[in-house]
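Structure assessment
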Amino acid sequence: MNLPNSLTFLRILMIPIVAVLFSRGAYTAAALVFLLACLTDILDGYLARHLQKITEMGKLLDPLADKGMQLTVLVSLAWCGRMPYLSVWIVLGKELLMFLGGLYLFRQQVVVSANWYGKAATVLISACVMAVILLYDFIPPILLQIVQWTPPVAAIFAFVLYFVAFLQQIRKES
């Protein structure tokens, strides 16, 4: 186990912690753990590339840690009434379709790397999550709705672009 993989594993351990903090109404503490998870995600990616410590385990665990944390926080926000459930279901549906498409490509021995639009969507979703957690009581209602609906819009945008890449990859393989 190298340092980047250790940081990824640490993020996985943070997932139930963030869920418990939300369930207890400790939103600021949940936001801090979520922020720490986001920072360790950036750090583990940087270290893996710059120290040449990219591993197959890291390629598997990193996106699981990312999506696990992201979905846990979104579900927790919906559960405590700060995020519309439909918004969360859309993001969850996108992730399920991405997983199924990735599984199909894996079986075809094709690897599609993360792209800028997936990373941009993750950053945007994370920023919206932080705003909802920390500023929920202070954001004007119309702006709050925009912030709450930005995650599914970003997820759909990324999904459409990934789907186009998926179709191009399928055509190459045929």
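In this report, the structure presented in the accompanying data block is examined. It should be emphasised that the depicted structure is a prediction, and the values quoted were computed from it without experimental measurement.

**Concerning the overall build of the protein**
The secondary structure content of the protein amounts to 6 helices and 0 strands. Order of helices (α) and strands (β) in the protein, N terminus to C terminus: α-α-α-α-α-α. For 174 residues, the compact-globule formula gives about 16 Å, and the C-alpha radius of gyration of the protein, at 17 Å, lands near that figure. Here the C-alpha coordinates of the protein stretch approximately 50 × 35 × 20 Å along the principal axes.

**So, a nonpolar patch on the surface**
A contiguous nonpolar patch, built from Leu96, Leu97, Phe99, Leu100, Leu103 and Phe106 and spanning about 620 Å² of accessible area, is present on the exposed surface. When you line up the elements, Leu103 lands in helix 4 (residues 85–107). Judged by its relative accessible area of 32%, Leu103 is partly exposed.

**Examining the packing of helix 5 (residues 116–135) against helix 6 (residues 141–173)**
When two helices pack together, their arrangement is given by the angle between the helix axes and by the axis-to-axis distance. It is the contact of helix 5 with helix 6, at a shortest axis distance of 9 Å, that shows an interaxial angle of 165 degrees. The orientation of helix 5 with respect to helix 6, classified from their angle, is roughly antiparallel. Seen from above, helix 5 lies across helix 6 with left-handed handedness. For the pair helix 5 and helix 6, the contacting residues are Trp116, Tyr117, Gly118, Ala121, Leu124, Ile125, Cys128, Ala131 and Val132 in the first and Leu144, Val147, Gln148, Thr150, Pro151, Ala154, Ala155, Phe157, Ala158, Leu161, Tyr162 and Ala165 in the second. Tallied by class, the residues present in the contact of helix 5 with helix 6 amount to 18 nonpolar, 3 polar and no charged.

Parameters at a glance
All chains use their own residue numbering, which begins from 1 and follows the written sequence. Thresholds applied to this predicted model are a pLDDT of at least 70 for local features of residues and 80 or more for the giving and counting of side-chain atom pairs; totals over whole chains, interfaces and linings are not thresholded and use all residues. Only hydrogens and water are set aside; all other atoms, that is, all heavy atoms of the structure, feed into the side-chain values. In DSSP terms, a helix is any run of H or I states spanning at least four residues, a strand is any run of E spanning at least two, and both are numbered starting from the N terminus. Radius of gyration here uses only the C-alpha atoms, and the compact-globule reference equals 2.2 Å multiplied by the residue count raised to the power 0.38. Patch building starts from residues that exceed 30% relative accessible area and form no salt bridge, then joins like charges within 9 Å and nonpolar side chains (Val, Leu, Ile, Met, Phe, Trp, Tyr) within 5 Å. The method behind every accessible area is Shrake-Rupley, applied with a 1.4 Å probe, and residues are considered shielded solely by the protein chains displayed. Salt bridge, as used here: a side-chain nitrogen of Lys or Arg that lies within 4 Å of a carboxyl oxygen of Asp or Glu. Working definition: with a 1.4 Å probe on protein chains only, accessible area under 20% of the residue-type maximum means buried, over 50% means exposed, and in between means partly exposed. Helix axes are fitted only over the stretch in contact, all axes being lines through C-alpha atoms; the angle between N-to-C directions runs from 0 to 180 degrees. These descriptions rest on fixed angle ranges, namely under 35 degrees for roughly parallel, over 145 for roughly antiparallel, 65 to 115 for roughly perpendicular, and the rest for oblique. Crossing handedness follows the turn of the near helix against the far one: under a right angle anticlockwise gives a left-handed crossing, and clockwise gives a right-handed one. Residue contacts are defined here by distance: any two heavy atoms, one from each residue, within 4.5 Å place the two residues in contact. Just so you know the grouping, Ala, Val, Leu, Ile, Met, Phe, Trp, Tyr, Cys and Pro go in nonpolar, Asp, Glu, Lys and Arg go in charged, and all remaining residues, Gly too, go in polar.

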